[in-house]
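Chain residues, written in single-letter form:
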Amino acid sequence: MQTIRTHTHAGQVAPRAVKDFMTGYFTGVTVVTAFSGSGRPHGLTCNSLVSVTLDPPTLLVCLDQGAGTLAAVRETGAFAVNLMSERGRATAERFASAAPDRFDSVAWERSAHGVPVLVDDALSVAQCAVADLHRVGDHTVVFGRILDIENRPGNPLLYGMRTFSGAPEGVLEASVPGTLPAGR
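Note that this is a predicted model, so its numbers are computed, not measured.

### A word on the sheet that holds strand 9 (residues 122-136)
Taken in spatial order, the 7 strands line up as 3-2-6-9-10-5-4 in an open sheet, and their pairing is antiparallel. The strands lining the two open edges of the sheet, one partner per strand, are strand 3 (41-46) and strand 4 (49-54). This sheet shows a mean twist of 30 degrees between the axes of neighbouring strands, independent of strand direction. When strand 4 meets strand 5 (residues 57-64), the two strands line up antiparallel, connected through 5 bridges. Along strand 5, the bridge assignment pairs L54 with P57. Against the sheet, helix 2 (residues 68-76) engages strand 2 (30-35), strand 3, strand 5, strand 6 (78-84), strand 9 and strand 10 (139-151), with an angle of about 50 degrees to strand 2. Most of the contacts of helix 3 (residues 89-96) go to strand 3, to which it runs at about 105 degrees, and overall it touches strand 2, strand 3 and strand 6.

### A word on the environment of R94
Relative to the helices and strands, R94 is located in helix 3. Setting aside residues up to four positions removed in sequence, R94 forms contacts with D101, R102 and S105. Here the side chain of R94 touches D101 through a polar contact of 3.0 Å, side chain to side chain.

### Describing the sheet that holds strand 11 (residues 158-160)
Strand order in the open sheet formed by 3 strands is 1-11-12, with antiparallel pairing between adjacent strands. If you trace the sheet from one side to the other, it starts and ends with strand 1 (27-28) and strand 12 (163-165), each paired once.

### A closer look at the pairing of strand 10
Across 7 bridges, the pairing between strand 5 and strand 10 is antiparallel. Note on strand 10: the bridge partner recorded for T58 is R145. Alignment of strand 9 against strand 10, held across 12 bridges, turns out to be antiparallel. Paired with H134 across the strands is V141, a residue of strand 10.

### Focus: the packing of aromatic side chains
The geometry of an aromatic ring pair comes down to the distance between the two centres and the angle between the two planes. Under the criterion given, the structure shown has 3 aromatic pairs. Ring plane angle 90 degrees and centroid distance 5.0 Å describe the contact between F95 and F103, whose orientation is recorded as edge-to-face. By the burial criterion, F95 is buried, and F103 matches it. One aromatic cluster in this structure is built from F35, F95, F103 and W108. Its end group placed over the ring of F35, R110 keeps NZ or CZ at 3.9 Å from the ring centre.

### Notes on helix 3
The set of residues buried in helix 3 consists of T91, A92 and F95. The arc that holds the buried residues of helix 3, viewed along the axis, is 100 degrees, so those residues lie on one side. Among the exposed residues of helix 3, those pointing more than 90 degrees away from its buried face are A90 and A96. Summarising the contacts, the buried residues of helix 3 are in contact with strand 2, strand 3, strand 6, strand 8 (116-118) and strand 12.

### What to know about the environment of V142
Secondary-structure assignment places V142 in strand 10. A relative accessible area of 0% places V142 in the buried class. Here the alpha-carbon distance between V142 and V130, two residues 12 residues apart in the chain, equals 6.9 Å. Dropping the residues within four chain positions of it, V142 is found in contact with L59, L60, V61, L63, L70, V73, F79, V130, D132 and L133.

What counts and how
Residues numbered from 1 in each chain as written. Predicted model: local features only at pLDDT ≥ 70, side-chain atom pairs only at ≥ 80, totals over all residues. Heavy atoms only, no water. Pairing = 2+ DSSP bridges. Helix = DSSP H or I, 4+ residues; strand = E, 2+ residues; numbered from the N terminus. Axes fitted to C-alpha atoms, helices over the stretch in contact; angles between N-to-C directions. Contact = heavy atoms within 4.5 Å. Polar contact = N/O pair within 3.5 Å; in protein donor to acceptor, adjacent residues only side chain to side chain. Phe/Tyr/Trp six-rings, centres within 6.5 Å; stacked < 30°, edge-to-face > 60°. Buried < 20%, exposed > 50% of the residue type's maximum accessible area, 1.4 Å probe, protein only. Lys NZ or Arg CZ within 6 Å of the ring centre and 35° of its normal. Arc of directions from axis to C-beta.

Listed below in structure tokens is the structure:
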């Protein structure tokens, strides 16, 4: 096996090296959605999702500075994190593209908390109020206080090695979200 080393210059690692490093990290796929102040839905595919704390229930996502979704989150102070199911691959790919009409071909609705949620393609949805924002380089870390969570049966969509995949064999679609298998 050949090892490829990426050398730094003046302590700076090239963005391409970071991308190559992250390809080996499999993660869930989310679509972050929000309405702009004028009521237009915005959304993008995001795999930067972290549970920050359970008390108060808070998570974070990282959004590109130039994204219309980030502008909408700032305007309204609310967003949804749609954790994608295996059946939502096409939707995840669409929301990762530059298509201006991303919501035209997916089922979605305005939630009770006033955010757009994906109806058919999300395994789980967390509706959040912005708790804090921190700019880091070309992204903003958005902290969201979780207001409501909806879990649905199914298997998660994963991303790694520059491809989408389903859950590993042995993960049961019938499992109840929020519970662990016996013995854990």
